[in-house]
Protein chains: 2
Amino acid sequence: MEVKLPTFNSVFSIDCVIFGSEAGELKILLIERNEEPYKDWLALPGYIVEQDESIDNAAERILYELTGLRDLHMQQFHTFGEVNRHPQGRVITVAYYALIRINGQKELKPITQYAKSAFWHPVNELPKLAFDHTEIFQTGFNKLRRRLNYQPIAFELLPEKFTLTQLQSLYEAVLNKKLDKRNFRKKMLSYGFLKELDEKQKGVSYRAAKLYKFDRRKYTKIFQNELNLDS
Amino acid sequence: MEVKLPTFNSVFSIDCVIFGSEAGELKILLIERNEEPYKDWLALPGYIVEQDESIDNAAERILYELTGLRDLHMQQFHTFGEVNRHPQGRVITVAYYALIRINGQKELKPITQYAKSAFWHPVNELPKLAFDHTEIFQTGFNKLRRRLNYQPIAFELLPEKFTLTQLQSLYEAVLNKKLDKRNFRKKMLSYGFLKELDEKQKGVSYRAAKLYKFDRRKYTKIFQNELNLDS
DNA sequence: TTTAATGGTGTAAGTCTGACACACTATATT
DNA sequence: AATATAGTGTGTCAGACTTACACCATTAAA
């Protein structure tokens, strides 16, 4: 005896909380909606999952179609399933987040008509967002904070070569508190996955700082154990 | 101009990974399915979400209907959205987990016909489970491990009065490694949320151990800050 | 009374954390 | 050439925490 699946019971969608950093400031990727409901509002990039794609793939596709960005390593962090999240019916959403270095090369440009534009916006002074996106953003931001405490993920946000001061500012922006310069440097260097370069910062009108880069091989070696548990 | 929601695109369900401990052994709650597909297989308690209930409510309802247990504090930990998880079509599942003390009083008894029975099974030597439930269980177990490292959640699993050795055994079962007795006791007691009782263990044929209970008020006070970040 | 089984306890070495202040250097300005 | 400016780069100490490690105490049963 075959038993059939019940008919579909929900609309299923993805929202993306993408953090970037630029000019020492932590930013988040937003789009301007071009569709009702909330037409013309700002929102997190998000859309509906297709029936024949996994949610991880859907997240990549949707982000790409709405913003032009691809190949980020997004991770889901929470699923929002209240009944009245969407004014027109039941929608359940898995939220993903990722970190990325912002650089001019990667152009932000929606592929589909559903977004008018995509752009980076500072995480402070965030405007009102469509749907429950403010809550989704907050949850994602908290997740990022907690994670930063036990995994050095900040490198994803920085250019390839960076100074220790830049790294520290980023930590301070995410954790929202001042850190002690000497202790911060001591600790970061003690991990052993920062590679000191023979280069210095350029174009500054004061003593130039040494540049470092992130040694992913050493990092992986060191954080192997923690990562193994991370599924 | 009104734009309608697309028609529903998925079946949405919940699975529950419920940990309990009994006789010093860590166990998980399973059901015997009474429905195709996977009729007669063992599985995690799980079922389909209704259109008019939030996923958190759905999780409580479903667990109750399949096992008779209620009022646990479940938390979602991951959403499974591969395309071919279910042999009959697209199903997306949010997995929840919770900890509970097993005691004889709470009878396990399915309310609905969808489960033949519900029972506790040791987490070691787990049999093959229906669908991708083995993977869901593993992910949940890893989550539990990581969480135990920064929150003393083990109390949820123990009877009201317990000995330090019982507490330690539970930690060892979850973390899957031996701990040093003296260091473990020192550390647990140093937190200050264990209340020493004037009672001792009974019915053992060796020196009886002191009983302790968990002081939830102090615990909350101490872990307030960490919890605030935990959304 | 002896045995078997588990309960209960302290110390020392090493590691990590957090607090704290000043000289150095590159450029821009006069 | 001298000086101002702005951020770079560095060491130490105290306290807290972590880890390793071994033996006597108590109870019930034989």
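Note that the structure is a prediction, hence the values are computed from the model and not measured. (Residues numbered from 1 in each chain as written. Chains lettered and ligands numbered in written order. Predicted model: local features only at pLDDT ≥ 70, side-chain atom pairs only at ≥ 80, totals over all residues. Heavy atoms only, no water.)

### Quick look at the pairing of strand 10 (residues 210-214) of chain A
Right, so step 1: The pairing of strand 8 (residues 161-162) of chain A with strand 10 of chain A spans two bridges and is antiparallel. Bridging from a neighbouring strand, Phe-162 of chain A pairs with Tyr-212 of chain A of strand 10 of chain A. (Pairing = 2+ DSSP bridges. Helix = DSSP H or I, 4+ residues; strand = E, 2+ residues; numbered from the N terminus.)

### So, the protein's contact with DNA strand C
Right, so step 1: In the vicinity of DNA strand C there are 19 residues, among which Asn-183 and Arg-207 of chain A together with Thr-165, Lys-181 and Lys-210 of chain B approach most closely.
Right, so step 2: Sugar and phosphate atoms represent 38% of those atoms of DNA strand C found within 4 Å of the protein.
Right, so step 3: Residue Asn-183 of chain A places a side-chain N or O atom 2.9 Å away from a base nitrogen belonging to DNA strand C.
Right, so step 4: Separating a base nitrogen of DNA strand C from a side-chain N or O atom of Lys-181 of chain B is a distance of 2.7 Å.
Right, so step 5: Residue assignment for the surface near DNA strand C shows that the elements contributing at least two residues are helix 4 (181-191) of chain A together with helix 4 (181-191) of chain B. (Near = heavy atom within 4 Å. Polar contact = N/O pair within 3.5 Å; in protein donor to acceptor, adjacent residues only side chain to side chain.)

### Some words on the sheet that holds strand 10 (residues 210-214) of chain B
Right, so step 1: Spatial ordering of the open sheet is given by 8-10-9 (chain B), a layout of three strands whose pairing is antiparallel. Among the strands making up the open sheet, the edge pair consists of strand 8 (161-162) and strand 9 (194-200) of chain B.

### Considering the protein's contact with DNA strand D
Right, so step 1: Residues in contact with DNA strand D amount to 18 residues; listed here are only the nearest, Thr-165, Lys-181 and Arg-207 of chain A together with Asn-183 and Arg-207 of chain B.
Right, so step 2: Lys-186 of chain B places a polar side-chain atom, nitrogen or oxygen, 3.1 Å from a base oxygen of DNA strand D.
Right, so step 3: Here the residues of the surface near DNA strand D are counted per class, giving four nonpolar, three polar and 11 charged. (Nonpolar A, V, L, I, M, F, W, Y, C, P; charged D, E, K, R; others polar.)

### Observations concerning the packing of aromatic side chains
Each aromatic ring pair is characterised by the separation of its centres together with the angle its planes make.
Residues and elements named next belong to chain B.
Right, so step 1: All told, the structure shown has 31 aromatic pairs over all chains when counted by the stated rule.
Right, so step 2: Plain terms: the ring middles of Tyr-38 and Phe-131 are 4.7 Å apart, the flat faces sit at 55° to each other, and that makes the pair tilted. With Tyr-38 in the loop between strand 2 (25-33) and strand 3 (42-43) and Phe-131 in the loop between strand 7 (115-122) and helix 2 (133-148), this pair connects stretches of sequence that are 93 residues apart.
Right, so step 3: A relative accessible area of 26% places Tyr-38 in the partly exposed class. (Phe/Tyr/Trp six-rings, centres within 6.5 Å; stacked < 30°, edge-to-face > 60°. Buried < 20%, exposed > 50% of the residue type's maximum accessible area, 1.4 Å probe, protein only.)

### Section: the confidence of the model for chain A
Low-pLDDT stretches of the model should not have their predicted coordinates read in fine detail.
Residue and element names in this part refer to chain A.
Right, so step 1: With 93% of its residues at a pLDDT of 70 or more, chain A has an overall mean of 90.
Right, so step 2: Here helix 5 (residues 216-228) stands out as the least confident element of chain A, with mean pLDDT 70; strand 3 (residues 42-43) is the most confident, with 98.
Right, so step 3: Throughout residues 227-231 the model reports pLDDT below 50, and contacts reaching past four residues in sequence, or to other chains, amount to nine contacts. (pLDDT = per-residue confidence, 0-100. Contact = heavy atoms within 4.5 Å.)

### Details of the domain arrangement of chain A
All names here are of chain A.
Right, so step 1: In terms of domains, chain A is made up of domain 1 (11-148) and domain 2 (161-228).
Right, so step 2: The gap between the C-alpha centroids of domain 1 and domain 2 is 28 Å.
Right, so step 3: At the interface, six residues of domain 1 touch six residues of domain 2.
Right, so step 4: Contact with domain 2 buries surface across domain 1, with Leu-26, Arg-145 and Leu-148 losing the most and accounting together for 71% of the total. (Domains from an automatic or database assignment. Buried area = accessible area lost by both parts, 1.4 Å probe.)

### A closer look at the side chain of Ser-10 of chain B
Right, so step 1: Looking at the element boundaries, Ser-10 of chain B is found in the segment before strand 1 (11-22).
Right, so step 2: Classification of Ser-10 of chain B as buried rests on a relative accessible area of 1%.

### Description of the packing of helix 2 (residues 133-148) of chain A against helix 3 (residues 164-175) of chain A
Geometrically, a packed helix pair is captured by the angle between its two axes and the distance between the axes.
All names here are of chain A.
Right, so step 1: Packing of helix 2 against helix 3 leaves a shortest axis separation of 9 Å and a crossing angle of 130°. Accordingly, the angle class assigned to the pair helix 2 and helix 3 is oblique. Crossing geometry of helix 2 relative to helix 3 is assigned as left-handed. Two secondary-structure elements touch here, helix 2 through Phe-141, Leu-144, Arg-145 and Leu-148 and helix 3 through Tyr-171, Ala-173, Val-174 and Leu-175.
Right, so step 2: When its residues are assigned to classes, the contact of helix 2 with helix 3 shows seven nonpolar, no polar and one charged. (Axes fitted to C-alpha atoms, helices over the stretch in contact; angles between N-to-C directions. Parallel < 35°, antiparallel > 145°, perpendicular 65-115°, else oblique. Left-handed = near helix turned anticlockwise from the far one by under 90°.)

### Section: unusual backbone geometry
Residues and elements named next belong to chain A.
Right, so step 1: The linkage connecting Glu-36 with the following residue, Pro-37, adopts the cis geometry, with an omega of -10°.
Right, so step 2: Relative to the helices and strands, Pro-37 resides in the loop between strand 2 (25-33) and strand 3.
Right, so step 3: Positioned with a positive phi, Asp-71 is a non-glycine residue whose angle comes to about 60°.
Right, so step 4: With respect to the helices and strands, the residue Asp-71 is situated in the loop between helix 1 (55-67) and strand 5 (75-80).
Right, so step 5: With relative accessibility at 64%, the residue Asp-71 sits in the exposed group.

### Quick notes on the pattern of salt bridges
Right, so step 1: Counted according to the given criterion, the structure contains 22 salt bridges over all chains.
Right, so step 2: As a salt-bridge pair, Asp-40 of chain A and Lys-116 of chain A come within 2.3 Å of each other at their nearest N and O atoms. Separated by 76 residues along the polypeptide, Asp-40 of chain A in the loop between strand 2 and strand 3 and Lys-116 of chain A in strand 7 (residues 115-122) bring together distant segments of the chain.
Right, so step 3: With a closest N to O distance of 3.8 Å, Arg-216 of chain B and Glu-156 of chain B form a salt bridge. Here the residue Arg-216 of chain B occupies a position in helix 5 (residues 216-228), and Glu-156 of chain B occupies one in the loop between helix 2 and strand 8, the gap between them amounting to 60 residues.
Right, so step 4: For Arg-216 of chain B, a relative accessible area of 44% gives the class partly exposed.
Right, so step 5: Via salt bridges that share partners, Glu-32, Asp-40 and Lys-116 of chain A belong to a single interconnected network. (Salt bridge = Lys/Arg side-chain N within 4 Å of Asp/Glu carboxyl O.)

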